[in-house]
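Each chain, letter by letter, is given below.
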Amino acid sequence: VAALQARVAALEGGAGAVCCSSGHAAQIMALFPLMAPRRNIVASTRLYGGTVTQFSHTIRRFGWSAKFVDFDDPEALRAAIDDDTRAVFCESISNPGGSVTDIPAVAAIADAAGIPLIVDNTLATPYLCRPIEMGATLVVHSLTKYMTGNGTVTGGVVVDSGTFDWSASDKFPSLSAPEPAYHGLKFHETFGNMAFTFHGIAIGLRDLGMTMNPQGAHYTLMGIETLGLRMERHVANAQKVAAWLEADDRVERVTYAGLDSSPWNATARRLYPKGAGALFTFAIRGGYAAAVKLVDALSLFSHVANLGDARSLVIHSAS
Ligand SMILES: *Cc1c(COP(=O)(O)O)cnc(C)c1O
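Quantities reported herein were computed from a predicted structural model and do not represent experimental measurements. (Residues numbered from 1 in each chain as written. Predicted model: local features only at pLDDT ≥ 70, side-chain atom pairs only at ≥ 80, totals over all residues. Heavy atoms only, no water.)

**Examining the pairing of strand S6 (residues 138-142)**
Here is the key point about a regular strand: its side chains alternate between the two faces of the sheet. Burial runs high along S6: five of the five residues are buried. Neither face of S6 is exposed, since Leu138, Val140 and Ser142 on one face and Val139 and His141 on the opposite face are all buried. As paired elements, strand S5 (residues 117-120) and S6 share three bridges and run parallel to each other. What sits directly across from Ile118, in S6, is Leu138. Sheet topology note: the S6/strand S7 (residues 156-160) ladder contains five bridges and is antiparallel. Within the sheet, the bridge partner assigned to Leu138 lies in S7 and is Asp160. (Buried < 20%, exposed > 50% of the residue type's maximum accessible area, 1.4 Å probe, protein only. Helix = DSSP H or I, 4+ residues; strand = E, 2+ residues; numbered from the N terminus. Pairing = 2+ DSSP bridges.)

Put into structure tokens, the structure is as follows:
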């Protein structure tokens, strides 16, 4: 697990990383040192559905909350951040729409507010996007997907850039002030740019228990060896399928940011030059019944939910 942590930290250009039991665990692990009851996060409207549920309902049990805004609207993002906001959260490439986030623009807004930007880089992987280079403080992954790449592992990771000054304000007492859960240790003063990582290990993993199993780490380490080859092929395949669908009269629209027709195409070309990932949505004429019929008729594309492995998949969430 330690080897995987070091490898993902290196791939993302971070100071340190903490692996955990799933992508959703990684999100709780990332938020845990930052949050307290009555604190909020500002999150993009374009997020994985499971994350929307986690942020809309589950975190409320901890007294945390999320406000969802359109991250393409800088004014709306700025206005949503208040004195109780402790993080800004988005996906680099969004699940399932495949839109891309202008990370430098979002990072500048988080920076000006003195709060960290957390980027879920699951769909891009560090092969297509390195959020820390664009100003993100923390990167989270579901290793369950492309990083492992063969559907054998449920895992997650939190990578810390090591660049955020946790002591610049009194907003992050778990890191800047004596931490009662660890004998009053001051993590930032003691560990410097490794404060967030050590807090994740010493308190997050110990007390929340979302540890990654070593066998899973082993499979993910093997998967990562072919990440570059796989992502290159995933992008080439997606680009071809998206263009083919868009050219078909039976298809109403395709959302892939790799297509000229996408409102995110310019941002994708500028910030994601190796490609806009391999997940997108499309609508076919004929509505619900036609979509069900299509999914049932496909043979190469499996009707399953676990994206990011070697099999092509299709899903119609409504049914
Ligand atoms: C799957 C996924 C998650 C959650 O990951 P799990 O490992 O299934 O908990 C989070 N974010 C994105 C973008 C995902 O695709």
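**Digging into the site of the ligand**
Surrounding the ligand, one finds 14 residues, the nearest of these being Gly23, Asp120, Ser142, Thr144 and Lys145. At a separation of 2.9 Å, an oxygen atom of the ligand approaches a polar backbone atom of His24. Top element by residues in the shell around the ligand is helix H2 (residues 23-31). It accounts for three residues. For the shell around the ligand, the residue count by class is two nonpolar, nine polar and three charged. (Near = heavy atom within 4 Å. Polar contact = N/O pair within 3.5 Å; in protein donor to acceptor, adjacent residues only side chain to side chain. Nonpolar A, V, L, I, M, F, W, Y, C, P; charged D, E, K, R; others polar.)

**Overview of the packing of H2 against helix H9 (residues 195-208)**
Angle between the axes and distance between the axes are the two parameters that describe a pair of packed helices. Two elements in contact, H2 and H9, have axes whose closest approach is 10 Å; the angle formed by their N-to-C orientations is 120°. The hand of the H2/H9 crossing is right-handed. Contacts between H2 and H9 involve Ile28, Met29 and Ala30 from the former and Phe196, Gly200, Gly204, Leu205 and Leu208 from the latter. Among the residues forming the contact of H2 with H9, the class breakdown is six nonpolar, two polar and no charged. (Axes fitted to C-alpha atoms, helices over the stretch in contact; angles between N-to-C directions. Left-handed = near helix turned anticlockwise from the far one by under 90°. Contact = heavy atoms within 4.5 Å.)

**Things to note about the packing of aromatic side chains**
The tally for this structure, following the rule as stated, stands at ten aromatic pairs. Aromatic pair Tyr182 and Phe187: ring centres 5.9 Å apart, planes at 65°, arrangement edge-to-face. A residue is classified by how much of its surface remains accessible, and Tyr182, at 29% relative accessible area, is partly exposed. The buried category is assigned to Phe187, whose relative accessible area is 1%. Here the aromatic residues Phe164, Trp166, Phe172 and Phe196 are joined through ring pairs into a cluster of three or more. Across from the ring centre of Tyr48, 5.1 Å away, lies the NZ or CZ of Lys145, which sits over that ring. (Phe/Tyr/Trp six-rings, centres within 6.5 Å; stacked < 30°, edge-to-face > 60°. Lys NZ or Arg CZ within 6 Å of the ring centre and 35° of its normal.)

**Observations regarding unusual backbone geometry**
Outside of glycine, negative phi angles account for most residues, and trans bonds account for most peptide bonds. Looking along the chain, the bond that leaves Asn95 and enters Pro96 is cis, with omega of 5°. Position of Pro96 among the secondary structure elements: in the loop between strand S4 (85-91) and helix H5 (103-112). Of note in the backbone geometry, Arg38 takes a positive phi value of approximately 80° without being a glycine. By the element assignment, Arg38 lies in the loop between H2 and strand S2 (40-44). A positive phi angle is found at His183, which is not glycine, with a value near 55°. Looking at where His183 falls in the secondary structure, it is placed in the loop between helix H7 (173-176) and helix H8 (187-191).

**Considerations on the state of the cysteines**
Applying the stated rule across the entire model yields zero disulfides. No disulfide involves Cys20; its nearest neighbouring cysteine sulfur is the one of Cys19, lying 7.0 Å away. The thiol of Cys129 is not disulfide-bonded; the next cysteine sulfur, from Cys90, is found 9.0 Å away. By relative accessible area, which is 2% here, Cys129 ends up buried. (Disulfide = S-S within 2.5 Å.)

**Quick look at the side chain of Gln54**
Position of Gln54 relative to the elements: it lies in helix H3 (residues 49-56). Those residues in contact with Gln54, other than ones at most four positions away along the chain, are His24, Gln27, Ile28 and Ile59.

**With respect to the sheet that holds S2**
In space, the seven strands of this open sheet follow the order S1-S7-S6-S5-S4-S2-S3, with mixed pairing throughout. With one partner strand each, in any of the chains shown, strand S1 (16-20) and strand S3 (65-69) form the two edges of the open sheet. Shown here is a sheet whose adjacent strand axes are inclined to one another by a mean of 20°, direction ignored. Its contacts with the sheet place H9 against S1, S6 and S7, and it is angled at close to 25° to S1.

**Re the domain arrangement of the protein**
When the domains of the protein are assigned, the result is domain 1 (2-221) and domain 2 (227-297). Centre-to-centre, using C-alpha coordinates, domain 1 lies 27 Å away from domain 2. At the junction of the two partners, domain 1 supplies 26 residues and domain 2 supplies 23 residues. If you sort the residues of domain 1 by the area they bury against domain 2, Tyr127, Leu128 and Tyr146 come out on top, with a joint share of 37%. In this structure, the connection of domain 1 to domain 2 is made through one salt bridge. A salt bridge links Arg270 to Asp102; the shortest N-O distance between them is 3.0 Å. Across the contact surface, domain 1 and domain 2 share seven residue pairs in polar contact (both at pLDDT 80 or more). When contributions to the side of domain 1 that touches domain 2 are tallied by element, the ones reaching two or more residues are H5 and helix H6 (125-128). A per-element tally of the side of domain 1 that touches domain 2 places H6 first, with four residues. Taken together, the residues that form the side of domain 1 that touches domain 2 break down as 14 nonpolar, nine polar and three charged. (Domains from an automatic or database assignment. Buried area = accessible area lost by both parts, 1.4 Å probe. Salt bridge = Lys/Arg side-chain N within 4 Å of Asp/Glu carboxyl O.)

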